[in-house]
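# Examining the three-dimensional arrangement
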2 protein chains.
Amino acid sequence: MATIYEVSKAAGVSLATVSRVMNGNVRVSERTRNKVLKAMTELGYKPNAIAQSLASNCSNSVGLLVSALHGSFFGDMMSTVEDVLRRAGKHVVITAGHSDEEQEKQAIEFLLDRRCDALILHAEAVSDEYLLELAKGDAQIILINRKIDAMSERCFYTDNELGGYLATKAALDAGHKDIAYISGPLFKGDAKERLAGHQRALAEANITFNDALLVEGGYHEAEGAQGLEQLYRAKHKFSALICANDEMASGAMTAARELGIAIPEQLSIIGFDNVLFARYLYPKLTTIDNPIRLMGEAAAHWVLAHVYQQRGVAEPRNLFAPSLVARDSLVSAP
Amino acid sequence: MATIYEVSKAAGVSLATVSRVMNGNVRVSERTRNKVLKAMTELGYKPNAIAQSLASNCSNSVGLLVSALHGSFFGDMMSTVEDVLRRAGKHVVITAGHSDEEQEKQAIEFLLDRRCDALILHAEAVSDEYLLELAKGDAQIILINRKIDAMSERCFYTDNELGGYLATKAALDAGHKDIAYISGPLFKGDAKERLAGHQRALAEANITFNDALLVEGGYHEAEGAQGLEQLYRAKHKFSALICANDEMASGAMTAARELGIAIPEQLSIIGFDNVLFARYLYPKLTTIDNPIRLMGEAAAHWVLAHVYQQRGVAEPRNLFAPSLVARDSLVSAP
DNA sequence: CTGTTAGCGCTTTCAA
DNA sequence: TTGAAAGCGCTAACAG
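All of the points below concern the structure found in this document. These numbers come from a predicted model, not from an experiment. (Residues numbered from 1 in each chain as written. Chains lettered and ligands numbered in written order. Predicted model: local features only at pLDDT ≥ 70, side-chain atom pairs only at ≥ 80, totals over all residues. Heavy atoms only, no water.)

Residue and element names in this part refer to chain A. Judged by pairing direction, the sheet is parallel, and its 4 strands sit side by side in the order β7-β6-β8-β9 without closing on themselves. Whereas interior strands pair on both sides, the edge strands pair on one side only; in this sheet they are β7 (214-216) and β9 (268-270). Along the sheet, successive strands turn relative to each other by an average axial angle of 15 degrees, direction set aside. Examined bridge by bridge, strand β6 (residues 179-183) and strand β8 (residues 240-243) share 4 bridges and lie parallel to one another. Looking at β8, one finds that Ile 182 is bridged to Cys 243. Strands β6, β8 and β9 of the sheet are contacted by helix α8 (residues 160-173), whose axis makes an angle of about 170 degrees with β8. Along the sheet face, helix α9 (residues 189-204) touches β6, β7 and β8 and points at about 165 degrees away from the line of β6. (Pairing = 2+ DSSP bridges. Helix = DSSP H or I, 4+ residues; strand = E, 2+ residues; numbered from the N terminus. Axes fitted to C-alpha atoms, helices over the stretch in contact; angles between N-to-C directions. Contact = heavy atoms within 4.5 Å.)

Spelled out as structure tokens, the structure:
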């Protein structure tokens, strides 16, 4: 691998000049630039990104923390973030936190050790205090799907409460009165908010929230199935079920089928997130669209604008509104 | 951020000694080591990974190329690779190639520029020659889901032909004679191999392969749906459909339902890959298990053993055998 | 077992 | 507009 030194010799100029034409920010005469460029191509020169990072104190890398590397939700998010950032020549180091405090901290430490210029975090388990403390350090911290007031301009999130509200409202509008709810793990903010929206919609319709119709799940398909079975066994009647994400809705559908419950005739189901496979379920899942790709894009754009000082990047919005996607799994109450 | 220099001063030793206790490979007296350790914690010292990389000419990072960051197949793969490598303190830089030659090359260049110690590639579009050339360079190249004879010990792949064979064999064993097939894009090796397996099974059963029952898809759900519609419109009769991956099987199921075809009563469907959501489809998808997690693990272990000289890592196998997962979407022929 | 001393390849003042 | 030179923070001979 040719080094900058060899290029400078070949071009008959100094190291500094080569560096200047590489970075293009300082004026270099046309003639000199061409000599250097020629030498570079002849030698097949590639700048050493590591040396550049050390000297410039900028790693050109951004760390991304997600809960898991598989799953439609995070797939969509990683996909947009990587796309935007790589186009800008930045690289993305991805780690998984598995919704566990210790693992999230370790992953963040890891990214910090690699001297990432910015961290885009989908952190679920660590505390606000920890994140605030982190934000005081060298790396810029951006949060996805979480809002902390003291750093709200670096937070990109969905109005989960509204989403929960819309889901329940849709069921109510279809005439359902007995609505069961399988929530996400309630230690997570989004799970709490979605549930709060559900309760608000019920209250507006003068329906008292029935604790017996609530099951706490963990956002996985299996818990959707278990949740439905539990509700069914408890013999409380309900004609609609709202699941706090599509994965659980899918699990619930499968379980319902096995119990001989016809969907949507006997039971309407509504999901949340509108992940790719939602429309391939049978019946096609009515769900709440969670604009995760837009949030990823917003976070990446923020980094480009504020960390790398790129011009012409539109200032992203922070709050994203979910919306109902009406498909086949919700029908009028019998 | 404290530097090694400050630590050495605080501990009253030389730079080199601090470096030694950090890396732990050279003997340092217990007393000195403790002094250094103490100074480190007091200063909250964190080694600068970038400087380490530059000095040691080892970035401790491995690049991972996948076709897309979303989708169950790649999710599973990234997940295992990241898990194994991060446990070993290596970091994973992930890029997407989108099955496009130009984009794959760019992504690989990008990883090379970052001086990754090894590249684990799920490359679909670039040529064997290109990869062989690449393997001559500084970074070690590992291939997933692809075999090139000249570097077969660095290739980890499924026996796709066998998989295609097993799928078709299962349909045949269930009494089906007219078996349609929606393939992956035939410029991809795995798609070709799966199809070859299909044809071998037919030949063994003395059934002539009928070109009219073959549709070329692109591994996406939408193409599964289109493929089924196309086959249906062509009015060729078939009682079983084999799809070259689960996503297309899912799309085909949805499309069949819309055309009023009962599954599996009127049409049996078999997928390939056994991704997570396959068992949540309705009916539950009979499919071929593709041990993608094991391949990811194997690739990561190979890197640990051969690139980072870790001891005690079992030598991974290169060829992985797929197997039939019988669920509900395949039944006996009418 | 420990210290000295060159670098690793590049950026960035500071002068010229 | 260009060059000289001092680092960035760490590793790795080489001596002692």
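Take the interface of chain B and chain A next. Facing 47 residues of chain B, the contacting portion of chain A comprises 49 residues. Roughly 4,600 Å² is buried in total at the junction of chain B and chain A, and carbon and sulfur atoms are behind 57% of that figure. Inspection of the chain B/chain A interface yields 6 salt bridges. A salt bridge links Lys46(B) to Glu109(A); its shortest N-O distance comes to 2.5 Å. (Buried area = accessible area lost by both parts, 1.4 Å probe. Salt bridge = Lys/Arg side-chain N within 4 Å of Asp/Glu carboxyl O.)

Glancing now at the protein's contact with DNA strand D. Around DNA strand D, the surrounding shell holds 25 residues, and the nearest of these are Thr17(A), Arg20(A), Thr32(A), Ile4(B) and Tyr45(B). The sugar and phosphate moieties of DNA strand D supply 66% of its atoms located within 4 Å of the protein. Ile4(B) is positioned such that a nitrogen or oxygen atom in its backbone is 2.3 Å from a phosphate oxygen of DNA strand D. When residues of the surface near DNA strand D are traced back to their parent elements, those giving at least two are α2 (15-23) and α4 (49-56) of chain A together with α2 (15-23) and α4 (49-56) of chain B. (Near = heavy atom within 4 Å. Polar contact = N/O pair within 3.5 Å; in protein donor to acceptor, adjacent residues only side chain to side chain.)

What follows concerns the packing of α2(B) against helix α3 (residues 30-43) of chain B. All names here are of chain B. Taken N-terminus to C-terminus, the directions of α2 and α3 make an angle of 90 degrees; their axes are 10 Å apart at the nearest point. If you check the angle between α2 and α3, you find them roughly perpendicular. Across from Thr 17, Val 18, Val 21 and Met 22 in α2, the residues of α3 making contact are Thr 32, Arg 33, Val 36, Leu 37 and Met 40. Taken together, the residues of the contact of α2 with α3 break down into 6 nonpolar, 2 polar and 1 charged. (Parallel < 35°, antiparallel > 145°, perpendicular 65-115°, else oblique. Nonpolar A, V, L, I, M, F, W, Y, C, P; charged D, E, K, R; others polar.)

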